[in-house]
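Each chain, letter by letter, is given below.
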Amino acid sequence: MLAALSEHGPGSRVDLGRRTGLSSSAISALTQELLAEGLLDEEPDPGHERRRGRPAYLLSLRAPEGIVVGVDIGNTHIRVAVAEVRGPVLAERCVPLARAQEPEDALRRAEALVRETVAEAGRGLADVRIAVVGVPVPLDERTGRVADNNIFPLWVGRRPGVELGELLDDLRGARLVVENDANLGALGEQRHGAGVVGQPATASGSLVYLKLATGIGAGLVLDGRLFRGEAGTAGEIGHVQVDPAGVLCRCGSRGCLETVVSVPRLLSALAPVTRDDLDADELGRLVRQGHPGAVRVVADAGRTVGQVLASLVTVLNPGLLLVGGHLASVNELLAEHVASAVHHWAQPAAAARVEVRASALGERSEVLGALALASDLAVEHQRNLLVPR
């Protein structure tokens, strides 16, 4: 029963009978025992109001005690959030980061911010069950090491989760897990954002989350699960070549998508008609004011990204494509032109089924995804203790 609830989520007694093959009397007896031991929670089924008959109740695994921590290390920021396991966010902080390329500096800043945010939540580091750390580089899922890349070369081969755990030596054995930031953005949107707002079926389906920031990446949720690829580099669309004769990319190739539509490229394209110190917030303000140059640059970027994503839509056939990242103020405009290009270039049947829209969580997608993954891991750990394999 515990395994069925962990793997498939909350269910009624009838659902559990189907999942386990146990008789109704066995389910009833086990439910009473597990409720008495405090291992299950029982709540009214909200969907039962639309049906007749006796009131129905949903059973679920009781979330473990303690807190989880989400850490989002971006190219220009660090954001930390603290929450109860599968509970509300208790505290959240974000600080700018000037030297993300230097691992020691970024990890020290992350350590300090974790301590501050946990304290703001009124808890101690000893209360932390799981911490998930998001980084803007490809990862080897098996080892937690940063995969070979020319984007953040000083991070290659390092294990950010292990290193941050060593700095936070008073975590007292709490597990630290490292994950790619775009993957966490996809998970955050699937659980708490656009993936569930008005489209609940997508929460267990497939979606693509585009993160457009200093770099460009995509997080993939396929059949309800994160898809990382064999080497952890699935979704690295920023290094898809769009112009063989284009400028040299930091990855060593030429004419990558990132060299055309990353945030720094958009800002530099606008410099001749605005000013050299333009930043992302100012770009958003110009777009809202209808500045023709700013609108044109963002629209062109959306169409270029959409043409690349069209192949992904054709191959993966997702139900939802979300535009997120550090340009939250212009994501609606980006999404409009991404959608236009996707529907023009993708295979018609796939294009007809995908909905393209801006992310719902903005710059919080990654950190909320980190909390979601941390809660999943905490519950899985509890389940493994209760149900030896």
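Residues numbered from 1 in each chain as written. Predicted model: local features only at pLDDT ≥ 70, side-chain atom pairs only at ≥ 80, totals over all residues. Heavy atoms only, no water.

### Things to note about the overall build of the chain
From N to C terminus, the chain includes 13 helices and 12 strands. Over its C-alpha atoms the chain spans a radius of gyration of 22 Å, differing by no more than 12% from the 21 Å that the globule rule assigns to 389 residues. In the chain, which comprises 389 residues, the proportion classed as buried is 52%. For the chain, restricting intrachain contacts to residue pairs at least 6 apart in sequence, the fraction spanning at least 24 positions comes to 60%. Accessible surface computed for the chain: about 18,100 Å², of which carbon and sulfur atoms make up 49%. (Helix = DSSP H or I, 4+ residues; strand = E, 2+ residues; numbered from the N terminus. Rg over C-alpha atoms; globule rule 2.2 N^0.38 Å. Buried < 20%, exposed > 50% of the residue type's maximum accessible area, 1.4 Å probe, protein only. Contact = heavy atoms within 4.5 Å. Areas by Shrake-Rupley, 256 points an atom, 1.4 Å probe, with all protein chains shown as cover.)

### A closer look at the pattern of salt bridges
Here the structure, examined in full by the defined rule, presents 23 salt bridges. One salt bridge in this structure joins Asp41 and Arg62, with 2.7 Å as the shortest N-O distance. Taken together, the residues span a long stretch of sequence, with Asp41 in strand S1 (residues 40-44) and Arg62 in the loop between strand S2 (57-61) and strand S3 (67-73) at a distance of 21 residues. Judged by relative accessible area, which is 24%, Asp41 ranks as partly exposed. Accessibility expressed as a relative area gives 36% for Arg62, which makes it partly exposed. Here Arg123 makes a salt bridge to Glu84, at a shortest N to O gap of 3.6 Å. (Salt bridge = Lys/Arg side-chain N within 4 Å of Asp/Glu carboxyl O.)

### A short note on the side chain of Glu282
Along the chain, Glu282 turns up in helix H9 (residues 280-288). Glu282 gets classed as buried once you look at its relative accessible area, which sits at 14%. Engagement of the side chain of Glu282 in a polar contact is seen with the side chain of Arg285, the distance being 2.3 Å. (Polar contact = N/O pair within 3.5 Å; in protein donor to acceptor, adjacent residues only side chain to side chain.)

### Some points on the nonpolar core
Of all hydrophobic cores here, the largest spans 43 residues; its most connected members are Leu321 and Leu327. Breaking this core down by element, the ones donating at least two residues are strand S8 (207-212), strand S9 (216-222), helix H8 (263-270), H9, helix H10 (292-316), strand S11 (320-325), helix H11 (331-345) and helix H12 (348-353). Contacts of Leu321, omitting those with residues within four sequence positions, involve Val208, Leu309, Val313, Val338, Val342, Val354, Glu355, Val356 and Arg357. Among the nonpolar cores identified, the runner-up in size contains 39 residues, and Met1, Leu320, Val367 and Leu368 belong to it. (Core = buried A, V, L, I, M, F, W, Y, C linked by side-chain atoms within 4.5 Å.)

### Here we look at empty space enclosed by the protein
Under the definition given, this model contains 1 cavity of 30 Å³ or more. Quantified by volume, the largest cavity comes out at close to 290 Å³. For the largest cavity, the lining is made up of 27 residues, of which Pro136, Asp181, Gly215, Ile216 and Gly217 are closest to its centre. Secondary structure elements with two or more residues in the lining of the largest cavity: helix H6 (181-192) and S9. (1 Å grid on protein atoms, 1.4 Å probe; cavity = no way out; pocket = protein on both sides within 12 Å on 5 of 7 lines; lining within 4 Å. Points joined across faces, edges and corners; volume = space filled by probe spheres on them.)

### Some details on the packing of helix H2 (residues 13-20) against helix H3 (residues 24-36)
Where H2 meets H3, the closest approach of the two axes is 10 Å, and the angle between their N-to-C directions is 110°. In this view, H2 runs roughly perpendicular relative to H3, as classed from their interaxial angle. As H2 runs across H3, the sense of the crossing is right-handed. Here H2 contributes Arg13, Leu16, Gly17 and Thr20 to the contact with H3, which in turn contributes Ile27, Thr31 and Leu35. Among the residues forming the contact of H2 with H3, the class breakdown is 3 nonpolar, 3 polar and 1 charged. (Axes fitted to C-alpha atoms, helices over the stretch in contact; angles between N-to-C directions. Parallel < 35°, antiparallel > 145°, perpendicular 65-115°, else oblique. Left-handed = near helix turned anticlockwise from the far one by under 90°. Nonpolar A, V, L, I, M, F, W, Y, C, P; charged D, E, K, R; others polar.)

### A look at the confidence of the model for the chain
When the pLDDT values of the chain are averaged, the result is 88; 93% of them are 70 or greater. In this model residues 197-204 is a low-confidence stretch, pLDDT under 50, and it forms 15 contacts with partners more than four residues away in sequence or in other chains. (pLDDT = per-residue confidence, 0-100.)

### A word on the sheet that holds S3
Strand order in the open sheet formed by 5 strands is S5-S4-S3-S6-S7, with mixed pairing between adjacent strands. Because the sheet does not close on itself, it has two edges, and the strands there are strand S5 (89-96) and strand S7 (175-180). The average undirected angle you get between the axes of adjacent strands in this sheet is 15°. Each of S3, strand S4 (77-84) and S5 touches helix H4 (residues 103-120); the most contacted strand, S4, lies at about 35° to it. (Pairing = 2+ DSSP bridges.)

### Details of the environment of Val295
Position of Val295 among the secondary structure elements: in helix H10. By relative accessible area, Val295 is classed as partly exposed at 28%. The spacing of Val295 and Arg250 is 45 residues in sequence and 27 Å in space, taken between C-alpha atoms. Apart from the residues lying within four places of it in its own chain, the contact partners of Val295 are Val287, Gly290 and Leu333.

### Digging into the packing of H9 against H10
Two elements in contact, H9 and H10, have axes separated by 8 Å at closest approach and are oriented at 105°. Here H9 lies roughly perpendicular to H10, going by the angle between them. On H10, the residues touching Leu283, Leu286 and Val287 of H9 are Ala294, Val295 and Val298. Tallied by class, residues from the contact of H9 with H10 come to 6 nonpolar, no polar and no charged.

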